[in-house]
Amino acid sequence: MALTLDQLNAAAPDEALRLLDGLYEHSPWVVQRALAQRPFATLAALQWALVQSLAAATRDEQLGLIRAHPELAGKAMVANTLTAESTGEQSRAGLTHCTPDEFAQLQRLNADYNARFGFPFILAVRGPRGSGLTRQQIIAAFERRLGNPVDFEREEALRNIHRIAEIRLGDKFGVEPELGHRVWDWHEALAQHSDPGFKEQGQLTVTYLTDAHQACQRELMARMRESGFDEVGIDAVGNVVGVYHGQSPDAKRLLTGSHFDTVRNGGKYDGRLGIFVPIACVERLHRAGRRLPFGIEVVGFAEEEGQRYKATFLGSGALTGHFNPAWLDQTDADGIRMQDAMRAAGLPGTLDAIAALRRDPARYLGFVEVHIEQGPVLNEMGLPLGVVTSINASVRHVGEVIGMASHAGTTPMDRRRDAACAVAELALYLEQRAAQDGDSVATMGLLQVPGGSINVVPGRCAFSLDLRAPTDAQRDALERDVLAQLSAICERRGLGHRLERTMIAAAAPSAPDWQARWERAVAALGLPVHRMPSGAGHDAMKLHEVMPQAMLFVRGENSGISHNPLESTTSHDIELCVLAFEHLLNGL
Ligand SMILES: [Zn+2]
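Everything quoted here is computed from the prediction, not taken from an experiment. (Residues numbered from 1 in each chain as written. Predicted model: local features only at pLDDT ≥ 70, side-chain atom pairs only at ≥ 80, totals over all residues. Heavy atoms only, no water.)

(A) Representation of the packing of aromatic side chains. Tallying each qualifying case throughout the model produces 11 aromatic pairs. Here Phe323 and Trp327 contribute two aromatic rings whose centre-to-centre distance is 5.2 Å and whose plane-to-plane angle is 85 degrees, an arrangement assigned as edge-to-face. Classification of Phe323 by relative accessible area gives buried; the value is 11%. Of the residues examined, Trp327 reaches a relative accessible area of 12% and is grouped as buried. Relative to Phe581, the ring of Trp518 lies with its centre 5.7 Å away and its plane at 70 degrees, an arrangement referred to as edge-to-face. Within this pair, whereas Trp518 is found in helix H20 (residues 512–524), its partner Phe581 is found in helix H22 (residues 571–587), the two being separated by 63 residues in sequence. Look at Phe581 and you get buried, because its relative accessible area is 0%. Site record: aromatic cluster; members linked through ring pairs are Tyr113, Phe117, Phe119, Phe121 and Phe142. Across from the ring centre of Tyr244, 4.3 Å away, lies the NZ or CZ of Arg291, which sits over that ring. In this structure, Arg517 is placed above the aromatic ring of Trp514, and the distance from its NZ or CZ to the ring centre is 4.4 Å. (Phe/Tyr/Trp six-rings, centres within 6.5 Å; stacked < 30°, edge-to-face > 60°. Buried < 20%, exposed > 50% of the residue type's maximum accessible area, 1.4 Å probe, protein only. Helix = DSSP H or I, 4+ residues; strand = E, 2+ residues; numbered from the N terminus. Lys NZ or Arg CZ within 6 Å of the ring centre and 35° of its normal.)

(B) Broad picture of the coordination of the zinc ion. Note on the zinc ion: its protein donors are His259 (NE2), Asp270 (OD) and His371 (NE2). The metal-donor distances range over 2.0 to 2.2 Å. Along the chain, the residues donating to the zinc ion are arranged with the sequence spacing H-x10-D-x100-H. Taken together, the positions of His259 in strand S3 (residues 253–259) and Asp270 in the loop between S3 and helix H13 (273–287) put the pair 11 residues apart, joining distant regions of the chain. Neither residue differs from the other here; His259 and Asp270 are each classed as buried. (Donors = N, O, S within 2.8 Å, 3.2 Å for Na, K, Ca; no water.)

(C) Quick peek at the pairing of strand S5 (residues 364–372). Most of S5 sits inside the fold, with 8 of its 9 residues counted as buried. Across 4 bridges, S3 lies against S5 in parallel orientation. For Arg253, the partnering residue across the bridge sits in S5 and is Tyr364. Here S5 runs beside strand S16 (residues 549–554); their pairing, made up of 6 bridges, is parallel. Bridged to Glu369 within S16 is Met551. (Pairing = 2+ DSSP bridges.)

(D) Representation of the side chain of Glu373. Tracing the backbone through its elements, the reader meets Glu373 in the loop between S5 and helix H17 (377–381). An unpaired buried charge is present at Glu373: no salt bridge exists, and Arg555, the closest side chain of opposite charge, is 8.0 Å distant. From its side chain, Glu373 meets the backbone nitrogen of Val377 in a polar contact 3.0 Å long. Contacts of Glu373, omitting those with residues within four sequence positions, involve Leu378, Asn379, Met532, Phe553 and Val554. (Lys, Arg positive; Asp, Glu negative; His and termini not counted. Salt bridge = Lys/Arg side-chain N within 4 Å of Asp/Glu carboxyl O. Polar contact = N/O pair within 3.5 Å; in protein donor to acceptor, adjacent residues only side chain to side chain. Contact = heavy atoms within 4.5 Å.)

(E) Highlighting the state of the cysteines. Counted by the stated rule, this structure contains 0 disulfides. Considering cysteine sulfurs only, Cys421 is the nearest to Cys461, which forms no disulfide, with 9.2 Å between them. On the accessibility criterion, Cys461 (0% relative accessible area) is buried. The cysteine Cys577 is free of any disulfide, with Cys281 supplying the nearest cysteine sulfur at 8.0 Å. (Disulfide = S-S within 2.5 Å.)

(F) Structural context of H20. Taking 1.5 Å per residue as the helical rise, H20 with its 13 residues ought to reach 18 Å, and the 18 Å between its terminal C-alpha atoms agrees with that figure. Those residues of H20 not exposed but buried are Trp514, Gln515, Trp518, Glu519, Ala521 and Val522. On an axial view of H20, the arc spanned by its buried residues comes to 160 degrees, and they lie on one face. Looking at the buried residues of H20, the elements they touch are S3, S5, strand S6 (385–391), strand S15 (531–534), S16 and H22. Just beyond H20, the residue with positive phi is Gly526, at close to 85 degrees. (Expected span 1.5 Å × (residues − 1). Arc of directions from axis to C-beta.)

(G) Quick peek at helix H11 (residues 178–190). Its 13 residues give H11 an end-to-end C-alpha distance of 19 Å, which sits within 8% of 18 Å, the value for a rise of 1.5 Å per residue. Taken as a whole, H11 has its buried residues at Leu179, Gly180, His181, Val183, Trp184, Trp186, His187 and Leu190. Buried residues along H11 sit against helix H12 (211–226), H13 and H22.

(H) Summary view of empty space enclosed by the protein. Here the structure, examined in full by the defined rule, presents 3 cavities of 30 Å³ or more. Reported here for the second largest cavity is a volume of approximately 70 Å³. Taken together, 14 residues form the lining of the second largest cavity, with Arg126, Ile167, Glu176, Pro177 and His572 sitting closest to its centre. Going through the elements one at a time, helix H10 (150–173) and H22 are the ones with two or more residues in the lining of the second largest cavity. When residues in the lining of the second largest cavity are grouped by element, the largest group, 5 residues, is from H10. Along the lines of polarity and charge, the residues of the lining of the second largest cavity split into 3 nonpolar, 5 polar and 6 charged. (1 Å grid on protein atoms, 1.4 Å probe; cavity = no way out; pocket = protein on both sides within 12 Å on 5 of 7 lines; lining within 4 Å. Points joined across faces, edges and corners; volume = space filled by probe spheres on them. Nonpolar A, V, L, I, M, F, W, Y, C, P; charged D, E, K, R; others polar.)

(I) Representation of the packing of H12 against H13. Contact geometry of H12 with H13 gives a least axis separation of 9 Å together with a crossing angle of 20 degrees. Taken together, the axes of H12 and H13 are roughly parallel relative to one another. For the element pair H12 and H13, the recorded crossing hand is left-handed. Together, Leu220, Arg223 and Met224 of H12 and Ile275, Phe276 and Ile279 of H13 make up the contact between the two elements. Looking at the contact of H12 with H13 residue by residue, the class counts come to 5 nonpolar, no polar and 1 charged. (Axes fitted to C-alpha atoms, helices over the stretch in contact; angles between N-to-C directions. Parallel < 35°, antiparallel > 145°, perpendicular 65-115°, else oblique. Left-handed = near helix turned anticlockwise from the far one by under 90°.)

(J) Focus on the environment of Tyr364. As for its position among the elements, Tyr364 is in strand S5. Spatially, the C-alpha atoms of Tyr364 and Ile296 are 9.5 Å apart, while their sequence positions differ by 68 residues. Those residues in contact with Tyr364, other than ones at most four positions away along the chain, are Lys252, Arg253, Leu255, Glu297, Arg359 and Met547. A distance of 2.7 Å separates the side chain of Tyr364 from the side chain of Glu297, its partner in a polar contact. Polar side-chain contacts of Tyr364 include one of 3.1 Å to the side chain of Arg359.

(K) Quick look at the side chain of Ser194. Along the chain, the position of Ser194 falls in the loop between H11 and H12. On the basis of relative accessible area, Ser194 is assigned to the buried category, the value being 7%. Among the polar contacts made by the side chain of Ser194, one reaches the main-chain carbonyl oxygen of Gln203 at a distance of 2.6 Å. Side-chain polar atoms of Ser194 contact the backbone nitrogen of Thr205, separated by 3.0 Å. Beyond its immediate chain neighbours, meaning those up to four positions away, Ser194 contacts Lys199, Gln203, Leu204, Thr205, Val206 and Ala212.

Okay, structure coming up:
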């Protein structure tokens, strides 16, 4: 008989502890302390209590728990002394069927890992969907994590322990995140389409209007049709648009969605999660035969990342009337004009058709977007969902400092006009100045000595600036200080410089009533409400210009890494996101 929350909440303390036996390897204290927070309204609330219990434990207690775990495919497995839970998990991942080579490799990794960290390597081998990682994936994770700093890796071990407990908890309660699995699988299927040159290497790259991009459009349309959308189509810039009517077809609509293009060698969830989650909600409404008082319009934006053409936010910009006419004549790396790429993809490729995409805000309630966090915050906190307060304002520059190239051997230190040293000084200033704000970020992502040589004092140094802050005023102050510092450095060192501002975007604070809707949705799941700014730009930023918007973030695994094949999220977290979205819909 599967356990129920009512049973757990009503049980005497010893009995409750026994009911959750085996959740944390030989460490019942984690559960015991969490049980003090009973009653639990939801499993997610119980898990949050477990996260807090472990986070509040002493360093020695945490290490004790980590060390209570068996070595992966280690001696305990050979000696058959693993706990029942661990045996099941390791055999499900195929670790009981290693080839002799793989086994030897794992033994070596175990030894290296133990020598470096002083505790065994812990990985939730059932993976983000609970169905098991492959041996190759396990070995790759092992190798990757060997390079982590010690403190970080201890935290990563604890996160994996929570993930193992999450799956064990599901087994005890007899609940599987079926809905989350389903949506997780949709991401996997869509990720099969990738641009040539990347697909062969198993990498995901989908850029504007390529064959892979068009295959994604078709697959999204098919998914929408299957899910019961009333209208499904591709618009003049290649966005995939699905409408699920309200009780009356001309009722106002909630606009939602995100992008399906990717960066080169990107992740499977960036953007796509924000399309699939509302599709899953519509599917559930449709299956229940329900119509809401408003329509739901889900847009899979065709272009957000600006990879093939320099036309970032092209898809969402078309809906707000911000399509730049000059883009149509822009060429890609192969010299193909955007308008020709559009026509080849069966789109009209005319400004008139694109201008007609502009939405009348009066016909919409607002815009919401869910997105993978693309950062480490939720992962570190052990929280599945976060509510976005504002999308940060940003500004970018590319520039160059000009000094004088001279001989590295013959030019005395006090006669040099070294452009790279000046830029290095600016880079360090950026770091310190942004940190001073607490929530600003500043990055010099490009730093290059054009035509540099090992024995020449750098005469020129090219660099970039990416500055972001939660408000426009804070960003402007940051920019002012950085540019003043650049001038001061160059003046002091007798150097020239030039600078070009290539992008500026205003902050997009969430509409308070919409943000509050997300907050209620998160709270209804039994989770604490964590409010956070978005450091990355999103389609919601564009829609912000014409209607109220608010975003919900979903935790990413692997420290929230994004724009990378390691980008990952679990089917458990996806399911919570779908339920939060559903709660928002029901409350409107
Ligand atoms: Zn994105």
